[in-house]
Amino acid sequence: MRKNLVVAIDGYSSCGKSTLAKALAKTLGFIYIDSGAMYRAVTLYFIRHHIDMTDPMAVKDGLQHIELNFHSRDYESHITLNGEEVSEEIRQMPVSQNVSEVSAHKFVRTEMVKQQQRMGKSKNIVMDGRDIGTTVFPDATVKFFMTADPKVRAERRFKELQSKGDTSTSLEEVFENLAHRDYADTTRVESPLVRAEDAIILDNTDITPEEQLAFALDKVNAHVPA
Ligand code: DC
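Computed from a prediction, not measured in an experiment: that's the story for all the values here.

Re the packing of helix H7 (residues 150-163) against helix H8 (residues 171-187)
Okay, step 1: Where H7 contacts H8, the axes come no closer than 9 Å and their chain directions differ by 120°. Classified by the angle between their axes, H7 and H8 sit oblique to one another. Between H7 and H8 lies a crossing of right-handed hand. Taken together, the residues of H8 that come into contact with H7 (itself represented by Pro150, Lys151, Arg153, Ala154, Glu155, Arg157, Phe158 and Leu161) are Leu171, Val174, Phe175, Leu178, Arg181 and Asp182.
Okay, step 2: When its residues are assigned to classes, the contact of H7 with H8 shows eight nonpolar, no polar and six charged.

What to know about the nonpolar core
Okay, step 1: Judged by nonpolar contacts, the single largest core of 33 residues is most densely connected at Val42, Phe46, Leu68, Ile79, Val108, Met112 and Phe137.
Okay, step 2: At the level of elements, strand E1 (6-11), helix H2 (35-48), helix H3 (56-63), strand E4 (76-81), helix H4 (93-103), helix H5 (106-119), strand E6 (125-129) and helix H6 (132-136) are the ones that each hand at least two residues to this core.
Okay, step 3: Looking at this core, the element that brings in the most residues is H2, giving eight residues.
Okay, step 4: Contacts of Val42, omitting those with residues within four sequence positions, involve Leu63, Ile66, Leu68, Val102, Val108 and Met112.

Some words on the sheet that holds strand E3 (residues 68-73)
Okay, step 1: Read from one edge to the other, the open sheet built from three strands follows the order E3-E4-E5, with strand pairing classed as antiparallel. Edge strands, defined here as strands with exactly one partner in the open sheet, are E3 and strand E5 (84-85).
Okay, step 2: Alignment of E3 against E4, held across six bridges, turns out to be antiparallel. Following the sheet pairing, Phe70 is matched in E4 by Ile79.
Okay, step 3: Packed on one face of the sheet, H2 meets E3, E4 and E5 and runs near 30° to E4.

Focus: the layout of surface pockets
Empty space among the atoms becomes apparent when a probe as large as a water molecule is rolled across them.
Okay, step 1: Quantified by volume, the largest pocket comes out at close to 940 Å³.
Okay, step 2: A class-by-class count of the residues in the lining of the largest pocket yields nine nonpolar, 16 polar and 19 charged.
Okay, step 3: Approximately 200 Å³ is the volume attributed to the second largest pocket.
Okay, step 4: Forming the walls of the second largest pocket are 14 residues, and the residues nearest its centre are Ile31, Ile33, Phe70, His71 and Met119.
Okay, step 5: Of all the secondary-structure elements, those providing two or more residues to the lining of the second largest pocket are strand E2 (31-34), E3, E4 and H5.
Okay, step 6: Among the elements that take part in the lining of the second largest pocket, E3 stands out by supplying five residues, more than any other.
Okay, step 7: Class assignment of the residues belonging to the lining of the second largest pocket gives a composition of seven nonpolar, six polar and one charged.

Conventions and cut-offs
- Throughout, residues of each chain are indexed from 1 in the direction in which the sequence is written.
- Given that this is a predicted model, residues contribute local features only at a pLDDT of at least 70 and side-chain atom pairs are listed and counted only at 80 or more, while totals for whole chains, interfaces and linings are drawn from all residues.
- For side-chain calculations, the full set of non-hydrogen atoms in the structure is used, while hydrogens and water are omitted.
- Every axis in this analysis is a line fitted to C-alpha atoms, fitted for helices over the stretch in contact. Angles between the N-to-C directions lie between 0 and 180 degrees.
- Secondary structure elements follow DSSP: runs of H or I of four or more residues count as helices, runs of E of two or more count as strands, with numbering from the N terminus.
- The labels follow the angle: roughly parallel below 35 degrees, roughly antiparallel above 145, roughly perpendicular from 65 to 115, and oblique for the rest.
- Rotating anticlockwise by less than a right angle from the far helix to the near helix defines a left-handed crossing, while the corresponding clockwise rotation defines a right-handed one.
- What makes two residues a contact is simply this: any of their non-hydrogen atoms within 4.5 Å.
- Throughout, the ten residues Ala, Val, Leu, Ile, Met, Phe, Trp, Tyr, Cys and Pro are labelled nonpolar, Asp, Glu, Lys and Arg are labelled charged, and all others, Gly among them, are labelled polar.
- Put simply, a nonpolar core is a bunch of buried Ala, Val, Leu, Ile, Met, Phe, Trp, Tyr and Cys residues held in one set by side-chain atoms that sit within 4.5 Å of each other.
- Any residue under 20% of the maximum accessible area for its type is buried, any over 50% is exposed, and the rest in between are partly exposed; the area is computed with a 1.4 Å probe on protein chains only.
- Only strands that DSSP links by at least two bridges are regarded as paired with each other.
- For cavity detection a 1 Å grid was placed over the protein atoms alone, and a set of points counts as a cavity when a 1.4 Å probe fits there but cannot get out; an open set counts as a pocket when protein lies on both sides within 12 Å along at least five of seven lines, with lining residues being those that have an atom within 4 Å of a point.
- Grid points are joined across faces, edges and corners, and a volume is the space filled by probe spheres set on the points.

Structure (structure tokens):
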């Protein structure tokens, strides 16, 4: 039985995992870790260094030159890639278009999972991703599996990109990218996105962020040993 508490949040792309994870971490005083940011930062490194993402050996070699670190400020998670803050750049479309391919590599997953498990060893954390409740922390204190209508998810991500100044990506492109990533994430050989048997399903198509936080807090409190 683990002593520290781990809240694992998995689910499809852009269905509000990070919104819930940040709100839970803030309310509970836990550390928030965005595991997707790690796969995105690795992808950014490969793009910048023109590493052939279809070549497992090039991927394995590239990984050895990458150092990732998280810095938590105001419960926002900031990630550095070899010392450079890349939190904004990893959200842009070039990374989104390549991250599924990168995150399907065995070498990449093994290294990321190792680092994630280290982060959750002694501290109370909320971690979101695709395989947190199944592979990274199968013994998590409480697990959520999030889902939402694909159209609603695309609209949310589209608005987010626009608010960050990306006016060149259309709603259709965002929708296509999400559909592609859902397919790639659920069908890959290495730890595909799948609901852990003991994960609580949370469909937030028609509920507000406040309602989903209240729902999740209830469940976490019910799981925390007195
Ligand atoms: O959560 P996100 O959309 O930022 O994640 C980006 C990609 O990283 C996603 O398409 C799949 C991958 N990912 C993963 O394979 N495993 C995780 N634990 C987190 C993300």
